[in-house]
Amino acid sequence: MKLDQATITALAERLENCELQAQDTTKITDEHPDMDWDDAYAIQNTIKARKIARGARIIGLKAGLTSHAKMKQMGVSTPVFGFMADYYAVPDGGEVKVSELIHPKVEPEIAFVTKSELRGPGCHIGAVLAATDFVMPGIEVIDSRYRDFKFDLKSVVADNTSAARFVVGGQPADVADVDLRTVGIVMEKNGVPVAFGAGAAVLGHPAAAIAMLANHLAASGECIPAGTLILSGGITEAVSVSAGDNVTLRVQGMGSTSLRFV
Ligand code: OOG
Ligand code: MG
């Protein structure tokens, strides 16, 4: 750790206020170029603790920057992990108010729900598939709190990996019935297909993102509990949205899920 507790607390408060007030900020590594990964996750964990103290529940986890398309779009090279608070969840077909967000983008993802605990180190795709209850389509709405969506990895980790809203829905599938590498996805904006891909875009297999998350958590003695919803990361580049847009994600064999921006 390079930052003291007071600085971590102040940065968490600043980033969370940006989220809650839909205001952007400069990236925190501009002022703290020496901050390390532990500092970045400590800031994210402080944001999580602030939400819990206010009565929010943590209802899921996410992996991000797990595809080459996303890494290239954001100019970074390693996956990152974050959490999802209860109020991020949008009902299937529901509304997202753009006035509550800064510059939202949508990403097509495969969501996993676990039925047994996953614990690293050494967690692998086989363990993830054995522990998966079902998979289903998920659209993540990301909204970096950083000006112009420009950041480096430590800044984005501190900012809870740009997490803002998400929707899951469609037809849950058993992992034995789908090949998650070849499963095709189409994301439509206002009825027009805007992003296409296959599951293998995410680390060769979306379950690999879940294994990486379990191994990441193991470093701090944590695990992925049974019954956890996890977004495995954008399969394509993220697509900007504005008020009036309708977004639908279709995943082969898993139906579709959608949301509307108002
Ligand atoms: C960081 C979050 C990326 C994903 O699925 O790749 C992410 C960002 O691009 O703002 O959630
Ligand atoms: Mg994402």
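Structure's up top.
The following paragraphs examine the structure supplied in this document. What you see is a predicted model; the values in this text were computed from it and never measured.

The rules behind these values
- Residues take numbers from 1 onward in each chain, read along the sequence in its written order.
- All chains are assigned letters beginning at A, and all ligands numbers beginning at 1, according to the order in which they are written.
- At least 70 in pLDDT is required for a residue's local features to be given in this predicted model, at least 80 for side-chain atom pairs to be given and counted, and no such filter applies to totals for whole chains, interfaces and linings, which use all residues.
- Note that the side-chain values use all heavy atoms of the structure and ignore hydrogens as well as water.
- Only nitrogen, oxygen and sulfur atoms qualify as donors, and only when within 2.8 Å of the metal (3.2 Å in the case of Na, K and Ca); with water excluded, sites may look incomplete.
- Each helix is a run of H or I in the DSSP string that is no shorter than four residues. Each strand is a run of E no shorter than two, and both are numbered from the N terminus.
- The buried label applies to any residue whose accessible area, calculated with a 1.4 Å probe on protein chains only, is under 20% of its type's maximum; exposed applies above 50%, and partly exposed to all values in between.
- Distances are taken per atom, and a residue is near a molecule or strand as soon as one of its heavy atoms is within 4 Å of it.
- Whenever two N or O atoms come within 3.5 Å, that pair is a polar contact, provided that in protein one can donate a hydrogen and the other can accept it, and provided that, for residues adjacent in sequence, both atoms are side-chain atoms.
- Only the protein chains shown count as cover for residues, with accessible areas throughout obtained via the Shrake-Rupley method and a probe of 1.4 Å.
- Amino acid classes used here: Ala, Val, Leu, Ile, Met, Phe, Trp, Tyr, Cys and Pro are nonpolar; Asp, Glu, Lys and Arg are charged; the rest, including Gly, are polar.
- Aromatic contacts are taken between Phe, Tyr and Trp rings whose centres are within 6.5 Å, Trp giving its six-membered ring; a plane angle under 30 degrees counts as stacked, one over 60 as edge-to-face, and the others as tilted.
- We count a charge as sitting over a ring when the NZ of a lysine or the CZ of an arginine lies within 6 Å of the ring centre and within 35 degrees of the ring normal.
- DSSP calls a pair of strands paired once it identifies at least 2 bridges connecting them.

## Let's talk about the coordination of the magnesium ion (ligand 2)
Six octahedral donors at a metal ideally form angles of 90 or 180 degrees, and four tetrahedral donors ideally form angles of 109.5 degrees.
Right, so step 1: Distances from the magnesium ion (ligand 2) to its protein donors, namely Glu107 (OE), Glu109 (OE) and Glu140 (OE), fall within the range 2.0 to 2.1 Å.
Right, so step 2: Taken in chain order, the donor set of the magnesium ion (ligand 2) reads E-x1-E-x30-E. Here the residue glutamate 107 occupies a position in strand β4 (residues 105-114), and glutamate 140 occupies one in strand β5 (residues 132-142), the gap between them amounting to 33 residues.
Right, so step 3: Under the relative-accessibility criterion, glutamate 107 is labelled buried at 4%.
Right, so step 4: With a relative accessible area of 1%, glutamate 140 lands in the buried category.

## Remarks on the site of ligand 1
Right, so step 1: Taken together, 17 residues form the shell around ligand 1, and within it Leu65, Lys70, Glu107, Ser162 and Gly234 come nearest.
Right, so step 2: At 2.9 Å, a side-chain N or O of glutamate 140 approaches an oxygen atom of ligand 1.
Right, so step 3: At 2.6 Å, a side-chain N or O of serine 162 approaches an oxygen atom of ligand 1.
Right, so step 4: Its free accessible area being 310 Å², ligand 1 has 100% of it covered by the protein chains.
Right, so step 5: Considering each element in turn, the shell around ligand 1 owes the most residues, three residues, to strand β1 (residues 58-64).
Right, so step 6: Split by residue class, the shell around ligand 1 holds seven nonpolar, five polar and five charged.

## Let's talk about the packing of aromatic side chains
How two aromatic rings sit relative to each other is set out by the distance from centre to centre and by the angle between their planes.
Right, so step 1: Tallied over the full model, the rule gives one aromatic pair.
Right, so step 2: Where tyrosine 87 meets tyrosine 88, the ring centres are 5.1 Å apart and the plane angle is 85 degrees; that geometry is what we call edge-to-face.
Right, so step 3: Here lysine 105 stacks its cationic end above the ring of phenylalanine 149, 4.1 Å away from the centre of that ring.

## Thoughts on the pairing of strand β7 (residues 184-189)
Right, so step 1: In the sheet, β7 pairs with strand β8 (residues 192-198) via six bridges, with the strands oriented antiparallel. Opposite isoleucine 185, over in β8, you have glycine 197 as the bridge partner.
Right, so step 2: Counted between consecutive antiparallel strands, the loop separating β7 from β8 contains two residues, among which asparagine 190 sits at a positive phi close to 55 degrees.
Right, so step 3: For β7 and strand β11 (residues 246-251), the ladder comprises five bridges, and the chain directions are antiparallel. Its bridge partner being in β11, isoleucine 185 is matched across the sheet by valine 251.

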